[in-house]
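Chain and residue survey
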Amino acid sequence: MRTIEHHVGGAAVGPAARHGAVHNPATGEQSAQVAFASTADVDAVVSAGSEAQRAWAATGLVKRASVMFRMRELLVAHADELAAIITSEHGKVLSDALGEVSRGIENVEFAAGLVQHLKGEHSTEVAGGVDVHTLKQPVGVVAAITPFNFPAMVPLWMSASALATGNAVVLKPSEKDPSASMLLARLWEEAGVPPGVLNVVHGDKEAVDALLEHPGIGAVSFVGSTPIARSIYTRAAAAGKRVQALGGAKNHMIVMPDADLDAAADAAVSAAYGSAGERCMAISVLVVVGDATADALVAKVAERARALVIGDGTDESSQMGPLITAEHRERVASYVTGASSEGGEVVVDGTATSFDGGGYFLGASLVDRVAPTMKVYTDEIFGPVLSVVRAETYEEAVRLVNANAYANGTAIFTRDGGTARRFTHDIQVGMVGINVPLPVPIGAYSFGGWKDSLFGDSHIYGPESIHFYTRSKVVTTRWPDPEDSQIDLGFPSNH
Ligand code: NAD
């Protein structure tokens, strides 16, 4: 049995006292065991990070930028390998895994502009001979705690900007699919990140608790479910750390009567069932304005949902893979079963589809006439279940979305520019799509929800990450004229 060890100071460390099992969700077979860190293991990894971080922070910006450029090229060269690892442990289809890798590459591309991002401000002659400027310095050692559903992209959301700004990173990936992080660590080091600057520690609550309490950790980036995000935020903030904790979601897509219903149905099916609904930006509720629109749209979505090809993610014909675990599949299925007892109309019942073998497959489900009090509406299901809530007006649809505790992403489908513009102002959600069902911002903009979808002040990656991973300082200076000048005819070099 393959053992996935912690990666500390550029090498595998072990053996661990405790392990967890890693499965291939398409077959149900165990593919590896992963080490679970103790508090002492976390202490060792934070020490390694602290020691290595000082030299990394002192490495010139141009050199650090060149590491980012090399990492970008390595990711492109290893994209297929990384996607295969993702599919083997997460289950998503290979094309989707490749999409995840390419979105992660965007974060490295953004980080490669670090020389620009780290520019400070300067005011000259604020008083007689006095100048003022600002510095952005790294926080130190950053904990990056990531979920199972994007095993490469979310680690890249965090590590690219954290490393570019001169921090060391202790990455604690999901114990369900930890292997992508191991390849990322190897690639970062091949790109030129010195050993000890990017460490991977595996584990469960014990490892996370130790990171939250460790005095050597300056900032915590967390992405996962809302209950854990809320608790991480509270505990890390109480320990005096800078913290951003991104949580779960219930993303609504409003469809107006004037929308192109075929395009809306295509978008809804792609965004609801892509990655088996295990995306924090997945559309899980369609809010359809007008009964006639709803009748037509439900028929179109149902037809498409029934036709989806579900199978092993390595099979090119598969459009949707399995869920992450057998327990999760049972939980997701229970919402579909429960919906009909609460008065919902199960138009497509994915629980009725049977699959051969031991994989954690579940068919796509569509539930119409959902009321906001039903569990299928109130809970984040994180599976291939799409609810339809019928609204009479635009105002009623917006009120519904704004009343939800989650506020990660949302979309409106309409041909009316005025309605679309009004929506962007009315809606209380962090990421908004106009005829775009998955409005995941490109790497040059930051990602983040509102309300129970994000705890903390900073969104993740993009410009807000530069602020999150640095501390600023204001320097006020008065200098006599320099007397130590010398002649040097060489072309100035930064390397
Ligand atoms: P999760 O909350 O179960 O786990 C996330 C991380 O926290 C993992 O590394 C896990 O090991 C750790 N963890 C789990 N239980 C813990 C505990 N009791 N104490 C301390 N640490 C603990 O989430 P998941 O199931 O891996 O991922 C799916 C969730 O993540 C969904 O809710 C999804 O919406 C959310 N998500 C959000 C975003 C976003 O950007 N907002 C992105 C991706 C996923």
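Being a predicted model, the structure only gives us computed values, none of them experimental. (Residues numbered from 1 in each chain as written. Predicted model: local features only at pLDDT ≥ 70, side-chain atom pairs only at ≥ 80, totals over all residues. Heavy atoms only, no water.)

Structural notes on the environment of Pro480
Secondary-structure assignment places Pro480 in the segment after strand 23 (470-478). The exposed category is assigned to Pro480, whose relative accessible area is 62%. Taking C-alpha positions, Pro480 is 8.7 Å from Gly129, a pair spaced 351 residues apart along the chain. (Helix = DSSP H or I, 4+ residues; strand = E, 2+ residues; numbered from the N terminus. Buried < 20%, exposed > 50% of the residue type's maximum accessible area, 1.4 Å probe, protein only.)

What to know about helix 3 (residues 79-90)
Along its twelve residues, helix 3 runs 16 Å from first to last C-alpha, staying within 8% of the 16 Å computed at 1.5 Å per residue. For helix 3, the complete set of buried residues consists of Ala79, Leu82, Ala83, Ile85, Ile86, Thr87, Glu89 and His90. Looking at the packing, one finds that the buried side of helix 3 touches strand 1 (2-4), strand 4 (18-24), helix 2 (61-77), helix 4 (94-111) and helix 7 (179-191). (Expected span 1.5 Å × (residues − 1). Contact = heavy atoms within 4.5 Å.)

What to know about the site of the ligand
Close to the ligand lie 27 residues, the nearest being Thr146, Lys172, Glu175, Ser225 and Glu380. Within the backbone of Phe148, a nitrogen or oxygen atom sits 3.0 Å from an oxygen atom of the ligand. The contact in question runs from an oxygen atom of the ligand to an N or O atom on the side chain of Lys172, over 2.7 Å. Burial of the ligand by the protein chains amounts to 89% of its free accessible area of 840 Å². Put simply, the parts of the chain that give the shell around the ligand at least two residues each are helix 8 (205-213) and strand 11 (217-223). Grouping the amino acids of the shell around the ligand by side-chain chemistry returns 14 nonpolar, nine polar and four charged. Summarising the domain contributions, the shell around the ligand has at least three residues from each of domain 1 (3-247 + 453-475) and domain 2 (251-434). (Near = heavy atom within 4 Å. Polar contact = N/O pair within 3.5 Å; in protein donor to acceptor, adjacent residues only side chain to side chain. Areas by Shrake-Rupley, 256 points an atom, 1.4 Å probe, with all protein chains shown as cover. Nonpolar A, V, L, I, M, F, W, Y, C, P; charged D, E, K, R; others polar. Domains from an automatic or database assignment.)

Topic: the nonpolar core
Ranked by internal contacts, the top residues of the largest apolar core, which has 87 residues, are Trp157 and Trp188. Broken down by element, this core gets its largest block of residues, nine residues, from helix 6 (residues 153-164). Split by domain, the residues of this core number at least three in each of domain 1 (3-247 + 453-475) and domain 2 (251-434). If we skip the residues at most four places from it in the chain, Trp157 touches Asn107, Val223, Leu246, Phe447, Ile460 and Tyr461. Ranked by size, the runner-up nonpolar core spans 62 residues in total, among them Val287, Val332, Ala339 and Tyr377. (Core = buried A, V, L, I, M, F, W, Y, C linked by side-chain atoms within 4.5 Å.)

A few points about the packing of aromatic side chains
Any two aromatic rings considered together are summarised by their centre-to-centre distance and by the angle between their planes. Throughout the structure, instances matching the rule amount to six aromatic pairs. Summarising the aromatic geometry, the rings of Trp157 and Phe447 are spaced 4.5 Å apart at their centres and angled 40 degrees between planes, so their arrangement reads as tilted. Of this pair, Trp157 sits in helix 6 while Phe447 sits in the loop between strand 20 (431-434) and strand 21 (450-451); the two residues are 290 residues apart in sequence, bridging distant segments of the chain. Comparing Trp157 with Phe447, the two get one shared label, buried. Put simply, the rings of Trp157, Phe447 and Tyr461 touch in pairs and so form one group of aromatic residues. Here the guanidinium or amino end of Arg64 rests over the ring plane of Trp56, the centre of that ring lying 6.0 Å away. (Phe/Tyr/Trp six-rings, centres within 6.5 Å; stacked < 30°, edge-to-face > 60°. Lys NZ or Arg CZ within 6 Å of the ring centre and 35° of its normal.)

So, helix 2
Across its 17 residues, helix 2 extends 25 Å between first and last C-alpha, which sits within 8% of the 24 Å expected from 1.5 Å per residue. The complete set of buried residues in helix 2 reads Arg64, Ala65, Val67, Met68, Met71, Leu74 and Leu75. On its buried side, helix 2 packs onto helix 1 (39-57), helix 3, helix 4, helix 5 (114-117), helix 6 and helix 7.

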